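Structural description and commentary
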Amino acid sequence: MDVAYSFDDLSGQSYQHQTRPIYEYDLDDPKNDKDVLTWLKNERDYILSQEEDRFRVMRRNMALFKGIQYQEMETRIDARDRGSDRSQFIRKIVANHLFDLTMNRASRLVKFRPAVAILPTNDELEDKIAAKSCKMLLDHIWYENDFEGVIQTQLAKYAQIMGEVYLFVLWDEKKGDLSPAYVEAKKKYKGDRIPMLDENGQQVIDPQGNKIFVDELVRIGDVDYKVMMATDVLVQRKQKWDEVDYCFTIEPVSTDILRMQYPKKAAQIKDQDVQIWDYEKMQLVSSRRHTMKFTFWHRRSPYMETGRKIVFTNDAILENEEYPFSHTELPCIRFTDIDLPGELHGISFFEQVKGLTGTYNNLTNMIIRNIVMVSHPKWMVPAGSVALDRLGNDITIVQYKGPQPPVLATSQSIPSDVFQFRDKLKEEFQQISGVFGVSRGEPPPGIKAGVALQFLSEQESERYNELVLKWNEVIRQTAEMTIKVASDYYDQSDKRMVRILGKNNEYMVEFFKVSALEKDYDIRVQNSSALPKSVAARTQTLLDLAQQFPDQFTGEQVIEMLDLAQSDKFVDAATVSVRTAEAENEKLYEVENEEQMTPEDYENHILHWKIHTRQMQEFRFKYKTEEIIKQRFKDHVLAHEMLMMDQAKKNPAFAQKLASLELFPMFYVDQAATMSMTPEAPPVQPSQPVPSQIAQTLMQQLPANPMTGGEPQALTNEPPPNLEAQAAGGAIPPVEPTKGI
């Protein structure tokens, strides 16, 4: 339902832009409420008068989308069908190509769901966890609000019809789970009324001396999305959207509900008999017992640093407060269909093609009428010469006066040029709208090859790329504003992150702080793959790809693409160990940490050792870390190395893995030098030497050189004695002289 005023109420009146800006008023002084209300009403009416023609076009486009082309805008009853004898009339039909084109364009926008990636600005674990937590928080908010299923579809469709649409990212204090404080109070008072307490713990009393109780459910609140059509939003008159500082939103509210929402202003809230455009009936209707509620949003700007939010009616200001968000943007994201240079508002593609589609429908109805009128043989008879009920109905008989004999006449059929011209019109409005036969399942004649069809489909997508880029930017801005609104209202005491992150990310819950939402992140939009959305089709496609390209897809990738990686059954022990080691790194960095981070026997010590020592190689550890924290890291790694050496005595395979570590051992040097890294075993045969054992045995047998600190040194190779010396020493037997033959 369009909640804008009827333009008949504005006709004959002259509205001018305000000469005095609103920030010149003292908005915090209640004495200025009357002047401020006058300013708001005048500015609203001025913008509304300027938008009259544009709003009429939008309403007409909505009628065309619904297939109402030949009927009056004020009613859905065809005036041409009114009459006593309807047998002479042929009701016109509408081939609603505008509906088909709109749904096709909207479906192509939401076909590849954009995946928002939130990346940290540095490599610290805390920021990594914060970025990942923000991503999971964003997914949770979008799931709760059905962002992908409903909101995105509405944005894409409304923009195609009206040229633009607005998505407001707001805060609703009545959403979310019950407040933990409220739950504790319910348990404490055990069914009795919960008293409202002040900061000192005393019950609040109203001016009449009555005690105040909490009679409504208290929730922690959550981010809320509201899709508003362009006819519900009045935007400041500027040349560019970036220059707009304020806007108005309009919505009809039941008078009784509005009085309950603002009890202090109930006496000033009056019923209004307003004329509202009803899109169901396509006409103006009178709305009784309702009041038009207007909300004025002024973003934070250099001229109004605190911004403003003012809720008002024609009779009173109901709410006047500072802008409720810390960001400097309007609380809405705008998505447009076609942007024209120098114009603030977008236009719909309907304006480019509705003339062609109207002509197409006119030709269609003309063909139908001609077929009905001339496709049957006609009896040409003198009036009153035959009994008409014996010949047929009235469309096959033509009566005349004059001395002419009856004739059974046939007429020429409709020429083929009419059908060819109609097909040409269809091709033209499809080309202008960017929707071709390939995407509608109608390939060009003679083209059957899959490669050729894929090429045509890619060319069609290239033609549509501009709108896709704008769509991705809208998704990115929505994600960014959602995180900003959450950072303004989320509180650490709400404990909402425990439920959002889940049991698989318990370590993230401990490190996540609500203040992390205020950090700077690199938010990007990545289009998801073209895999089928159906589970059966996706599974079969992945299995076929894995079979055709066995070296290109690993088992982990297939599991991830099948959306099975979130299950505990598909998370291996290495992944869990990495998470634990990274969490220990962050804990070891804490200055006032009193927890004992002691390695245990059952841990994956090699993974822990790699992650801890990698952290110790960073610049932050070497130059920006206190000595007490450095010693804490060294002691922790030393404990891991001791357990690793003990495990190496029991497991030969584990000992071989330790031998391949370049920097191992890093701190357990003295003990490692005299300890064998293999368990006790039978002697190895000389034909099967083990390199690590041979090297260690040689090192133990080498003599020590005191000049080099007692380290084993290689033996000195002296020159061998001559043969005489060897013979004299008995090393070789004497050689007998040779005898002649």
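Each remark here, short or long, concerns the structure printed above.
Residues numbered from 1 in each chain as written. Predicted model: local features only at pLDDT ≥ 70, side-chain atom pairs only at ≥ 80, totals over all residues. Heavy atoms only, no water.

1. Brief notes about the sheet that holds strand β2 (residues 164-172)
Spatially, β5-β2-β12 is the arrangement adopted by the three strands of the open sheet, whose pairing is antiparallel. Both edges of this open sheet fall to β5 (222-229) and β12 (332-336), since each of them pairs with a single strand only. When strand polarity is set aside, the average angle formed by the axes of neighbouring strands in this sheet is 20 degrees. Pairing of β2 with β12 involves five bridges; the strand directions are antiparallel. Among the inter-strand pairings, Y166 is bridged to a residue of β12, identified as R334. (Pairing = 2+ DSSP bridges. Helix = DSSP H or I, 4+ residues; strand = E, 2+ residues; numbered from the N terminus. Axes fitted to C-alpha atoms, helices over the stretch in contact; angles between N-to-C directions.)

2. Remarks on the pattern of salt bridges
Counted under the stated rule, the structure contains 24 salt bridges. Between E251 and K293 there is a salt bridge, and its shortest N-O distance comes to 3.5 Å. Of this pair, E251 sits in strand β7 (residues 246-254) while K293 sits in strand β9 (residues 283-298), and the two are 42 residues apart along the sequence. Judged by its relative accessible area of 25%, E251 is partly exposed. Exposure remark for K293: the relative accessible area of 12% places this residue in the buried category. (Salt bridge = Lys/Arg side-chain N within 4 Å of Asp/Glu carboxyl O. Buried < 20%, exposed > 50% of the residue type's maximum accessible area, 1.4 Å probe, protein only.)

3. A short note on the layout of surface pockets
Estimates place the volume of the second largest pocket at around 1300 Å³. As for the second largest pocket, its lining consists of 31 residues, of which W171, D172, E173, K174 and K309 are closest to the centre. For the lining of the second largest pocket, the secondary structure elements donating two or more residues are β2, β5, β7, α7 (255-261), β9, β10 (308-312) and β11 (317-321). (1 Å grid on protein atoms, 1.4 Å probe; cavity = no way out; pocket = protein on both sides within 12 Å on 5 of 7 lines; lining within 4 Å. Points joined across faces, edges and corners; volume = space filled by probe spheres on them.)

4. Regarding empty space enclosed by the protein
Scanning all chains against the criterion turns up one cavity of 30 Å³ or more. Lining the largest cavity we find L64, Q69, V94, A95, N96, H97, L98, T357 and N361. Contributing elements (two or more residues each) for the lining of the largest cavity: α3 (97-111) and α8 (350-374). In the lining of the largest cavity, the residues fall into four nonpolar, five polar and no charged. (Nonpolar A, V, L, I, M, F, W, Y, C, P; charged D, E, K, R; others polar.)

5. Observations concerning the nonpolar core
Core analysis: the largest hydrophobic core is formed by 97 residues, its most contacted members being I22, L40, W142, F168, Y225, F296 and F312. Broken down by element, this core gets its largest block of residues, nine residues, from helix α11 (residues 465-489). M616, A648, L658 and Y668 belong to the second-largest nonpolar core, a separate cluster that totals 18 residues. (Core = buried A, V, L, I, M, F, W, Y, C linked by side-chain atoms within 4.5 Å.)

6. Section: the packing of helix α2 (residues 52-65) against α8
Remark: α2 packs on α8, axes separated minimally by 12 Å, with the N-to-C direction vectors making an angle of 50 degrees. In terms of axis orientation, α2 runs oblique to α8. Note that α2 runs across α8; the crossing there is left-handed. Across the interface between the two elements, V57, N61, L64 and F65 from α2 touch F350, E351 and K354 from α8. (Parallel < 35°, antiparallel > 145°, perpendicular 65-115°, else oblique. Left-handed = near helix turned anticlockwise from the far one by under 90°. Contact = heavy atoms within 4.5 Å.)

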